[in-house]
There are 2 protein chains.
Amino acid sequence: MTAYDDLMAHARQTEALSQISGRLGWDQQTMMPRGSNAQRSEEMAALEDVLHARRTDPRLGELLDRAEATDDVAAANLRELRRDYARNTRVPARLASELARLTPLAQAAWEEARLADDVASFLPWLEKMIALRREEGQAIAAGGDPYDALMADYEPETDSETVAATFDRMRPRLVALREAVLGADSPPALTGHFPQDGQLRVSRRLAEHFGYDFTRGRIDLAVHPFSSGSGTDVRITTRVAIEEPFNCLYSTIHEVGHAAYEQGVGAEHLLTPIGRGVSMGVHESQSRIYENQIGRSRAFTGWLHGAMVQEFGALSVADAESFYAAVNRVTTGYIRTEADEIQYNLHIMLRFDLERDLMRGKLDAADLEEAWNTRFMSDFGYPVDRPSHGVLQDVHWSVGLFGYFPTYALGNVYAGCLYQSLRADHPDLDAQLAQGDTSAATGWLREKLQRFGALRAPRDTIAHACGFTPDEGPLMDYLEAKFRALYRL
Amino acid sequence: MTAYDDLMAHARQTEALSQISGRLGWDQQTMMPRGSNAQRSEEMAALEDVLHARRTDPRLGELLDRAEATDDVAAANLRELRRDYARNTRVPARLASELARLTPLAQAAWEEARLADDVASFLPWLEKMIALRREEGQAIAAGGDPYDALMADYEPETDSETVAATFDRMRPRLVALREAVLGADSPPALTGHFPQDGQLRVSRRLAEHFGYDFTRGRIDLAVHPFSSGSGTDVRITTRVAIEEPFNCLYSTIHEVGHAAYEQGVGAEHLLTPIGRGVSMGVHESQSRIYENQIGRSRAFTGWLHGAMVQEFGALSVADAESFYAAVNRVTTGYIRTEADEIQYNLHIMLRFDLERDLMRGKLDAADLEEAWNTRFMSDFGYPVDRPSHGVLQDVHWSVGLFGYFPTYALGNVYAGCLYQSLRADHPDLDAQLAQGDTSAATGWLREKLQRFGALRAPRDTIAHACGFTPDEGPLMDYLEAKFRALYRL
């Protein structure tokens, strides 16, 4: 046994335990009886203690010092393990424990504050969370930038300067496109009553058409849609709003995209450090290209229109073309999760700039609401009407997720690049999508990207798949072309 | 912190991890996608390694040496921990690992052998399993009886001589009662087609009427009904056979009985060594008294008859009295799990005698089938027609469960004692059961037994609840009275 073999045996067990932790999270959101919360917290804490001990085990450090890579796969596994070990051993146990205790309390305070539109009641919790995460960022950064250090948990091997530069180039084009679209005539929305059973049947058909492997996964209902697990057990959830079927259907496609990445990783990487998606940004590129570039395309919505008529009978919109317009309707609004393909990115950039300032000590919790409202007015052109439509709308900061938001927009940027290359390789794609056949598209993504897991760093993963260095150009060109045509601008 | 406090903190985490292991088992039987088997085995193995390391941790041994009990609860927790620690540290790691590897393979071989009615193909696996479990029994017994040592995993603080003496007193009475009943006119069975939805609705009503707490549990479908978990997350499963509704309904009541014990343990014992059922025998006493003494009583079946007519319309049996007879119908057969209250015990005694001889080296795998068939002929009066109706019918031995079978019949004996005391304390019980109201019965069991968890040793648990030392008398009196009346003997 070489040091590398020992290391991989250790990592494999850790990964197996981490999969169990993920499965418990799934259970908690889908199956757990409501009276089991306290016991479950204790069970999760016990498992987290085991995982933490394994991840900071000095024996792991010794093996990492001695292990040598003999091929690309080993090099990539060592890259992942070394980064995680350095990160985990830099965070003092006291700090990790304080964060673990604070998180559920701060989240509960946020939930109440959002319902009551009461920023003041959440401020003490947010202040505490910001302080702890700043400290954690500084500990991990070891002299570097604390925000970059936190962001690396979700999007490693990039830095926030690069992200900021990308976003700065996108923002004026997005603002201009948004204004032009909102100035044009708005197409009618899809209205009506769409029973749950029917939505779930169409959802399931969509999952099948996008290649979701039900022998290695399942779909359940949950309050918030998510995908969970790696390898041969990748489960997704969806939700149903009776009058808004696109909510359920596009949530499903989105989560199928995430699941496709995990289900698509080569079986030889099962339960190894690279046997999963390499970053949240690359993950989001898969969910977004499934949901948007493919799922909201004129061609694919043509098939979906037929599937919906078959399930629900005549719709409020007249034909496939109006259905396509309804799917891609752009309206004013406050909420990130309800935003269209254009405005979604503006929501992200706002959060990215604010949270970077928070972690760098340039903005404090007390000034956050005003900063949010000012920026929203500047990007969207109308004022935030209440905190639950503004600074209190997202759960992320209440649970300490600083550095996560940019991965959503990075995912869009990456999806834009991938889509450009996919179309170049498959000029006939629309004819297949119009039949509901996504196999050429999803097969291309599996072959070019998904099967490699975390073999390459995030940007290299995209570059390898696309054949060029990713930037925002393809996404912006795609958005402008799509929405200018749709709104006849 | 005293040594006892340290010990309990350690035990609490171990118990939390063990609950997780149980929940994964539940998931595997109810929710897991079928393609996830190999990954799940690896996940379970990783968690078992963690649990094994904790259970044999030398630090635990040191704490156990130093810890002192200051009250009954502490004494009981120490009793449980010391017994488990002694047991776990006596089994060589090599043996534990060989057993873990053999078990799924032997079970798979048994499944194939049973389908093919081919004892010979299973024999090599059974021989290997018997050899390993004999060795394990000897290691745990440390000079004592290997079968008793194995039985103590399921029914601690008793011995097989006592059990054998009890069974020897029961057997002639059971054989005589069985012959008398089978010689009388047999009442008609319930026939018809009972749709799954309706069976599950009645099942759910039954669970509610027996006090199952759905805020701390849930019911799902599984191939084999089971109850899983302790404390605030105790889940049960049931199954549906369209033409045999009693299968589903009485499986549900049976599992509700198990769950009631776990849900009923005092909240102050949550995740402590005594915070669960004390033995499989006492557990079975709860499931059996719910299912049989209460659920199959004339009074309660009167209510159930009404509930079934309400759900399914007119039944094949004319009235509540014929319904009661159909529920308690005694027929010839080969299969333990389909047996009535009388014959079930004969099935157990047969297995108990054979497996005790196997573990003591008085019987070998090669001679097992003949020994089974001879004994079956002697107790039941007709020959086994094929191995899947005989020696291959149960999964237990293929997965190394030697010493488990007697707990089923011990549960019946204990249920007989509990029922006698319950009726003495509640002479008006039938009037309530006839209304489908089990609250006096289940409340009595909770108050007298369930809430204490494993505070007292198994027989002491029953003696404390009944007010007398348990023996087979009450069960035998109950069976003879019930079936002599029902069959007008």
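Parameters and conventions
Residues numbered from 1 in each chain as written. Chains lettered and ligands numbered in written order. Predicted model: local features only at pLDDT ≥ 70, side-chain atom pairs only at ≥ 80, totals over all residues. Heavy atoms only, no water. Least-squares fit on C-alpha atoms with pLDDT ≥ 70 in both. Contact = heavy atoms within 4.5 Å. Pairing = 2+ DSSP bridges. Helix = DSSP H or I, 4+ residues; strand = E, 2+ residues; numbered from the N terminus. Buried area = accessible area lost by both parts, 1.4 Å probe. Salt bridge = Lys/Arg side-chain N within 4 Å of Asp/Glu carboxyl O. Polar contact = N/O pair within 3.5 Å; in protein donor to acceptor, adjacent residues only side chain to side chain. Nonpolar A, V, L, I, M, F, W, Y, C, P; charged D, E, K, R; others polar. Buried < 20%, exposed > 50% of the residue type's maximum accessible area, 1.4 Å probe, protein only.

**Considerations on the relation of the copies chain A and chain B**
Point 1. Structural alignment of chain A on chain B gives an RMSD of 0.0 Å, achieved by rotating through 180° and translating 0.0 Å along the axis. Such a combination of rotation and displacement between the chain copies is what one expects of a two-fold axis.
Point 2. Looking at chain A, 100% of its interface residues are interface residues in chain B too, so the copies touch through the same face.

**Observations regarding the sheet that holds strand β1 (residues 219–221) of chain B**
What holds strands together in a sheet is hydrogen bonding between their backbones, with the strands either parallel or antiparallel.
All names here are of chain B.
Point 1. Taken together, 3 strands build an open sheet; the order of strands is β1-β3-β2 and the sheet is mixed. Only two strands of the sheet have a single neighbouring strand rather than two, namely β1 and β2 (227–228).
Point 2. Bridge analysis of β2 against strand β3 (residues 235–238) gives 2 bridges, and the strand direction is antiparallel. Across the sheet, Ser 227 pairs through a bridge with Ile 236, a residue of β3.

**Description of the interface of chain A and chain B**
Point 1. On the side of chain B, 37 residues touch chain A, which itself brings 37 residues to the contact.
Point 2. Of the roughly 3,000 Å² buried at the junction of chain A and chain B (both faces included), carbon and sulfur atoms supply 54%.
Point 3. At the junction of chain A and chain B, the tally comes to 8 salt bridges.
Point 4. One salt bridge connects Glu43(A) with Arg23(B), and the closest N-O pair in it is separated by 2.7 Å.
Point 5. In this structure, the connection of chain A to chain B is made through 20 residue pairs in polar contact (both at pLDDT 80 or more).
Point 6. Elements with a contribution of two residues or more to the side of chain A that touches chain B: α1 (3–30) and α2 (37–55) of chain A.
Point 7. Element by element, the count of residues in the side of chain A that touches chain B is highest for α1(A), at 11 residues.
Point 8. Here the side of chain A that touches chain B is built from residues that sort into 14 nonpolar, 11 polar and 12 charged.

**So, the pattern of salt bridges**
Point 1. Summed over the entire model, instances satisfying the criterion amount to 82 salt bridges over all chains.
Point 2. Two residues, Arg40(A) and Glu43(A), come together in a salt bridge whose shortest N-O distance is 3.5 Å. With Arg40(A) and Glu43(A) both in helix α2 and 3 residues apart, the pair spans about one turn of that helix.
Point 3. Take Arg40(A): its relative accessible area is 1%, and that puts it in the buried class.
Point 4. Arg296(B) is the partner of Glu291(B) in a salt bridge, and the nearest nitrogen-oxygen pair spans 2.7 Å.
Point 5. Looking at Arg296(B), the relative accessible area reads 15%, which means it is buried.
Point 6. Among the charged side chains, a network of salt bridges with common partners joins Arg23(A), Asp233(A), Arg235(A), Asp27(B), Arg40(B) and Glu43(B).

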